[in-house]
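# Observations on chain architecture
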2 protein chains.
Amino acid sequence: MAEKMKIIPLGGLNEIGKNMTVYEFGGEIIVVDCGMAFPGDDLYGIDLVIPDVSYLIKNRSRIRGLFLTHGHEDHIGAIPYVLKQVNMPIYCTRLTAGLVKLKLEEHGLIKSTKLITVEAGETVRAGKFNVEFIHVNHSIADSVAFAIHTHMGTVVHTGDFKIDSTPIDGEVIDLARLGELGKEGVLALCADSTNVERPGFTMSEKAVGHTFKRLFAGCDQRIIVTTFASNVHRVQQVIDAAAENGRKVAVTGRSMENIMKVSTELGYMKVPKNTLMDIAKIKSLPKNKQVIVTTGSQGEEMSALYRMAFSTHKQIDVGPGDKVIISASAIPGNEKTVSRVVNELFRKGVEVCYNRSDMLHVSGHACQEELKIIHALTRPRFFVPLHGEQRMLQIHSRLAQDMGIEPTHVAIAENGSIIELTTKTMKLNGSVPSGEVFVDGSGVGDVGAVVLRDRKRLAEDGMVVVVLPVSAQNGALLSPPEIITRGFIYVKESESLMAELQNVAMEAAESGSRKRRDDGELRGTVKSAVSNYLFKTTKRSPMVIPVVTRL
Amino acid sequence: MAEKMKIIPLGGLNEIGKNMTVYEFGGEIIVVDCGMAFPGDDLYGIDLVIPDVSYLIKNRSRIRGLFLTHGHEDHIGAIPYVLKQVNMPIYCTRLTAGLVKLKLEEHGLIKSTKLITVEAGETVRAGKFNVEFIHVNHSIADSVAFAIHTHMGTVVHTGDFKIDSTPIDGEVIDLARLGELGKEGVLALCADSTNVERPGFTMSEKAVGHTFKRLFAGCDQRIIVTTFASNVHRVQQVIDAAAENGRKVAVTGRSMENIMKVSTELGYMKVPKNTLMDIAKIKSLPKNKQVIVTTGSQGEEMSALYRMAFSTHKQIDVGPGDKVIISASAIPGNEKTVSRVVNELFRKGVEVCYNRSDMLHVSGHACQEELKIIHALTRPRFFVPLHGEQRMLQIHSRLAQDMGIEPTHVAIAENGSIIELTTKTMKLNGSVPSGEVFVDGSGVGDVGAVVLRDRKRLAEDGMVVVVLPVSAQNGALLSPPEIITRGFIYVKESESLMAELQNVAMEAAESGSRKRRDDGELRGTVKSAVSNYLFKTTKRSPMVIPVVTRL
Ligand SMILES: [Zn+2]
Ligand SMILES: [Zn+2]
Ligand SMILES: [Zn+2]
Ligand SMILES: [Zn+2]
């Protein structure tokens, strides 16, 4: 029988988030990335979403390692939750390791976890896999692609990437190595599809630096810049522009402070001497000597920028004389929260730079022409588009076909799909368990579809509790039912409705043959009488919860 | 004492939606527009939001009429709710009247309402006001601006508008009349600020028609077009493109069918003979003879396009051989729902045209250069930016200043602000009640801040009811407390937590001196014990509702 390799995406397909891909060969497994996703609006109360890893739990003895492409939350965010279920050694570059370490510390997992730092250019042996780390450009430093070598062939897994000819750290994505791999022969390419809808090239990170220089030059306001905390190179460019203009820089917001610390310690951030200052101290300088770097580029409610806008930031009061630069674009779904913050800043008289056309932000993901270059260099036999919604996967599949791959050599998979490769063939062959596991508070997986359905119902129309104290002997009501509502209606202004509701419940409870009736039947009768009455009078459907106490 | 005019915006400022402006002069009042707003994500369960009109209720005897600029929901959507509180004669153009009529019928208000149709160019006398209707271009036919003449001076209220040199109905906005008014002298201009952030000009509606022709020509697929139902001219262009290419047109989706009916009856839609077909019949034609016009351009869950995408549309199955054209852009907040529908269509093999760059949609609102033209033509003494969020109002104020208005002659108001004008001065002078009134089911205003706060809490962590049957004589628990949860945790998998919870509740109920304790005290003790325990063990804060039944 021909040797086989399996590629099993456990997350990242038909969604943006929780990226995780399993590679299986010769009875052994490696995992690439272990990300989280932010919950959609319909996932009431859920803090974050992680992939279902039951397949890994079941096969834990066969796992040789977890390999991380870079330190974004959609690639590392699920690590603490997953490691508690399946321990695996983690291989990643230095900055990624620094960020993972913060998570492990927070979850008390430092001691139990093997975290191995690898440099781009190196290769790690993990069972029957040799995993080669290849430098790529992306919106966080120290990102890599993997060439996963097996004796059946090599799979190139790009991770998130772009081609930046003028990157901030001086290192262009290692196109030469990708081209070499192409010449040696690439069995399959698994690639980032995020920006496949966009024609052309992604602008260089350096373009944003030019914007900063333009906005800083001759400016006599205090400058406040917000961006994604993880974009180390972006923050570096803010610091550079500040230093060039004789300004000091202070940092505010927990995630920004954390990442500044890690990236400075590890040498990814180069801060000119005497440039950084404590947020509490910078205020004593003239406004045109201050730069503040802050979290909140998505308008997040607890972020430092939000607190400045709504006057709840402890150290910074903003107003006329301040210029806020929003160096980010709103992630789909966040447009309104960003807009709320911008409006509030305007109201305070702050000058806000937020226009798309002003080159305040560039994407970290490859557009069509960049993707074509990667396809042209690696010349893979098979192709699996990853990291994208359905339309992106399909458009990426077409792009691959334009580059010469046969349609049957492309697999548009689902999370959980088993993509089975031989050296000659590729097919979807069944699936493993996959899906969304919800993290809510300290609970992982204890909130599911039923609980969410109830939350949705409660959110929309609130609830009505009907307490029915009945005699254990003859089933008679011992006192009139008590009605308690929350989230339904303003009770003090609805006294007659409440009184009528009590009557309806009482009549229902006393109707029929009460002796033979069990609790379930009584609850059912009262529930439908009350629900019907409420829908008739208010056109609403609160959750009605009858409680029978037999005494 | 100098004569005074008051302008009081009751909605539309610092928001997009529920536009309503009060004009007061010589003891008399007219109202311009009466719109609704869609609830934000934080308004759980609310169906729609209308302006607080208590000022109008209080002054009902002084109101001379409600004047409508056009038939969009953010200008007419609150009419039935407001009319039930304050009856007023309504003056508007024919198409607007047709749409208002549908609402009045639905709410049983046809008989009690005076609805007067006016044509652009005509002037209506309403007490001390003479209201002149001036034709403008916008994304719905038959839109007008008003020149509100009083013997103190004239106020120009633009309503929503753009300048379209090649409009579909052949009538360009009446710039000549606006220029004449400018020469005669305009006291104040109140203008649409929606697109003031965008430089340049808004493209003509005709540009979208060109796109349709390009996409229809030589196409052998079935074509499905979705757009805003109210955009009569857009639908007209779809029909024209269909007729030119020998295709029949069917319409699906309630609001689309309604507006087609009204606009065809009133002559705003010109349908070539034998072009329209019933949706049930069009299916028997070859695919390249069909065009379907549908609701759902915002990905709305109950819309016809959504149902096609998710295979729940009764008449239309989509798949390969179908081309869906999304002739709309996503309203902020709807990006994700639109994206969900597009992904599902891709999954079914449908070709989807949805790219911003493809000129599939144009805005109905004036950009900066158009606004400048209106300012230049009307040359107002005072300026009030309307219809926009804070940043838009401020940017519009700056634009007006660039056009030569003094800063003190611009009023950036809030909803409820009283803008007081004499012929020489303008100032903000106090305010009237204003705000959001929530419509939920059949209730108007019976859901307020407290109810919403409870819904939010319930949505996030669900709730826990603790039933405490206690002896009326000695306050002793008559049986162990019963615990009921909804939206909190999956109970069957959390048996030990539930058991422990019962113990915690029981201990709390029996602690201290139970005899002297009243119900409130008992509830408080149990509530805090249970809440603390739950937060400690789950890091969640469900709503805890202790119910004491004394027997
Ligand atoms: Zn990334
Ligand atoms: Zn990513
Ligand atoms: Zn409009
Ligand atoms: Zn409007």
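Here the structure is a predicted model, which is why all the values come from computation and not from measurement.

Conventions and cut-offs
Residues numbered from 1 in each chain as written. Chains lettered and ligands numbered in written order. Predicted model: local features only at pLDDT ≥ 70, side-chain atom pairs only at ≥ 80, totals over all residues. Heavy atoms only, no water. Helix = DSSP H or I, 4+ residues; strand = E, 2+ residues; numbered from the N terminus. Buried < 20%, exposed > 50% of the residue type's maximum accessible area, 1.4 Å probe, protein only. Areas by Shrake-Rupley, 256 points an atom, 1.4 Å probe, with all protein chains shown as cover. Lys, Arg positive; Asp, Glu negative; His and termini not counted. Charge placed at Lys NZ, Arg CZ, Asp CG, Glu CD. UniProt positions renumbered as here; feature names shortened; annotations may be inferred. Contact = heavy atoms within 4.5 Å. Buried area = accessible area lost by both parts, 1.4 Å probe. Salt bridge = Lys/Arg side-chain N within 4 Å of Asp/Glu carboxyl O. Polar contact = N/O pair within 3.5 Å; in protein donor to acceptor, adjacent residues only side chain to side chain. Nonpolar A, V, L, I, M, F, W, Y, C, P; charged D, E, K, R; others polar. Donors = N, O, S within 2.8 Å, 3.2 Å for Na, K, Ca; no water. Tetrahedral: all angles 85-135°; square planar, octahedral: opposite > 155°, others 65-115°. Pairing = 2+ DSSP bridges. Axes fitted to C-alpha atoms, helices over the stretch in contact; angles between N-to-C directions. Phe/Tyr/Trp six-rings, centres within 6.5 Å; stacked < 30°, edge-to-face > 60°. Lys NZ or Arg CZ within 6 Å of the ring centre and 35° of its normal. Expected span 1.5 Å × (residues − 1). Right-handed = clockwise from strand over helix to strand, strands pointing away. Least-squares fit on C-alpha atoms with pLDDT ≥ 70 in both.

### Observations concerning the overall build of chain A
- Looking only at helices and strands, chain A has 16 helices and 25 strands in total.
- C-alpha atoms of chain A, sized along the principal axes, occupy 85 × 75 × 45 Å.
- The proportion of buried residues among the 551 residues of chain A is 59%.
- Total accessible area computed for chain A in this model is approximately 22,000 Å², and 50% of it derives from carbon and sulfur atoms.
- For chain A, the centre of its 65 positive side-chain charges and the centre of its 63 negative side-chain charges are spaced 2 Å apart.

### Details of the UniProt feature "domain: Metallo-beta-lactamase" (unreviewed entry) in chain A
- Mapped onto this numbering, the UniProt entry annotates "domain: Metallo-beta-lactamase" (unreviewed entry) at residues 17-210 of chain A.
- In the segment residues 17-210 of chain A, helix accounts for 22% and strand for 29%; the C-alpha atoms at its two ends are 31 Å apart.

### So, the interface of chain B and chain A
- Each partner contributes to the interface: chain B provides 62 residues, whereas chain A provides 62 residues.
- Buried area between chain B and chain A, both sides added, is near 5,100 Å², and the carbon and sulfur share of it is 55%.
- Among the residues chain B hides against chain A, the three largest losses belong to B:Phe346, B:Arg347 and B:Arg391. Together they make up 11% of the total.
- Where chain B packs against chain A, one counts six salt bridges.
- Linking B:Asp440 and A:Arg540 is a salt bridge whose minimum nitrogen-to-oxygen distance equals 3.4 Å.
- There are 32 residue pairs in polar contact (both at pLDDT 80 or more) connecting chain B and chain A.
- Ranked by the residues each element gives to the side of chain B that touches chain A, the list is headed by helix 14 (residues 449-461) of chain B, at eight residues.
- Across the side of chain B that touches chain A, the residue classes tally to 25 nonpolar, 18 polar and 19 charged.

### Considering the coordination of the zinc ion (ligand 3)
Residue and element names in this part refer to chain B.
- Within the first shell, the zinc ion (ligand 3) binds the protein through His70 (NE2), His72 (ND1), His138 (NE2) and Asp160 (OD), at distances of 2.1 to 2.3 Å.
- Between the four donor atoms coordinating the zinc ion (ligand 3), the angles at the centre fall across 90 to 166 degrees, so the site counts as irregular.
- The distance between the zinc ion (ligand 3) and the zinc ion (ligand 4) is 3.4 Å, with aspartate 160 acting as a donor to both metals. We note that histidine 70, like histidine 72, is buried.

### Some words on the sheet that holds strand 25 (residues 543-550) of chain A
Residues and elements named next belong to chain A.
- Across the sheet, three strands lie side by side as 24-23-25; this open sheet has mixed pairing. If you trace the sheet from one side to the other, it starts and ends with strand 24 (482-486) and strand 25, each paired once. Averaged over all pairs of adjacent strands, the angle between strand axes in this sheet comes to 20 degrees, irrespective of strand direction.
- Here strand 23 (residues 463-470) runs beside strand 25; their pairing, made up of eight bridges, is parallel. Residue pairing for strand 25: methionine 463 is matched across the bridge by methionine 543.
- Relative to the sheet, helix 16 (residues 519-538) contacts strand 23 and strand 25, its axis offset from that of strand 25 by approximately 145 degrees.

### Brief notes about the packing of aromatic side chains
- A complete count under the given rule lists 17 aromatic pairs over all chains for this structure.
- When the ring of A:Tyr44 is compared with that of B:Tyr44, the centres are 6.0 Å apart and the planes differ by 50 degrees; the resulting orientation is tilted. Highlighted residues: A:Tyr44 in the loop between strand 3 (28-32) and strand 4 (48-51) and B:Tyr44 in the loop between strand 3 (28-32) and strand 4 (48-51), drawn from two different chains.
- Accessibility expressed as a relative area gives 14% for A:Tyr44, which makes it buried.
- Here A:Phe67 and A:Phe133 contribute two aromatic rings whose centre-to-centre distance is 6.2 Å and whose plane-to-plane angle is 55 degrees, an arrangement assigned as tilted. With A:Phe67 in strand 5 (residues 63-67) and A:Phe133 in strand 9 (residues 129-136), this residue pair connects regions lying 66 residues apart in the sequence.
- You can call A:Phe67 buried: its relative accessible area is 0%.
- Sitting over the face of the ring of A:Phe535, A:Lys539 holds its NZ or CZ atom 5.6 Å from the ring centroid.

### Focus on the pattern of salt bridges
- This structure, assessed with the given rule, holds 48 salt bridges over all chains.
- Each of the salt bridges in this network shares a partner with another, and the network as a whole consists of A:Glu132, A:Arg177, A:Glu180 and A:Glu184.

### Here's the deal with helix 14 of chain B
Residues and elements named next belong to chain B.
- Spanning 13 residues, helix 14 covers 19 Å between terminal C-alpha atoms, matching the ideal 18 Å at 1.5 Å per step.
- Considered for burial, the residues of helix 14 that qualify are Val451, Leu452, Asp454, Arg455, Leu458, Ala459 and Asp461.
- Glycine 462 occupies a position one or two residues after helix 14 and carries a positive phi of about 70 degrees.

### Thoughts on the environment of B:Ser165
Residue and element names in this part refer to chain B.
- Structurally, serine 165 is set in the loop between strand 11 (153-157) and helix 5 (175-184).
- Classification of serine 165 as exposed rests on a relative accessible area of 58%.
- Placed 324 residues apart in sequence, serine 165 and isoleucine 489 show a C-alpha to C-alpha distance of 60 Å.

### A word on the pairing of strand 12 (residues 188-192) of chain A
All names here are of chain A.
- Burial of strand 12 is extensive: five of the five residues sit out of reach of the surface.
- When strand 11 (residues 153-157) meets strand 12, the two strands line up parallel, connected through three bridges. Paired with histidine 157 across the two strands is cysteine 190, which belongs to strand 12.
- Following the chain from strand 11 across helix 5 (residues 175-184) to the adjacent parallel strand 12, one finds a crossover that is right-handed.

### A short note on the coordination of the zinc ion (ligand 1)
All names here are of chain A.
- Around the zinc ion (ligand 1), the protein supplies His70 (NE2), His72 (ND1), His138 (NE2) and Asp160 (OD) as donor atoms, at distances of 2.1 to 2.3 Å.
- Every donor residue of the zinc ion (ligand 1) comes from the same chain, spaced as H-x1-H-x65-H-x21-D.
- Separation of the zinc ion (ligand 1) from the zinc ion (ligand 2) amounts to 3.4 Å, with aspartate 160 serving as a shared donor to the pair. With histidine 72 in the loop between strand 5 and helix 2 (73-76) and aspartate 160 in the loop between strand 11 and helix 5, this pair connects stretches of sequence that are 88 residues apart. As far as the burial class goes, histidine 72 and aspartate 160 line up, both buried.

### Concerning the relation of the copies chain B and chain A
- In the superposition of chain B on chain A (RMSD 0.1 Å, axial shift 0.1 Å), the rotation amounts to 180 degrees. The transformation relating the two chain copies, once decomposed into turn and shift, fits a two-fold axis. Looking at the rotation axis and the C-alpha trace of chain B, the residue lying nearest is B:Ala459, at 2.3 Å.
- Interface overlap between copies is the fraction of interface residues in one copy that are interface residues in the other; for chain B against chain A it reaches 100%, indicating a shared surface.

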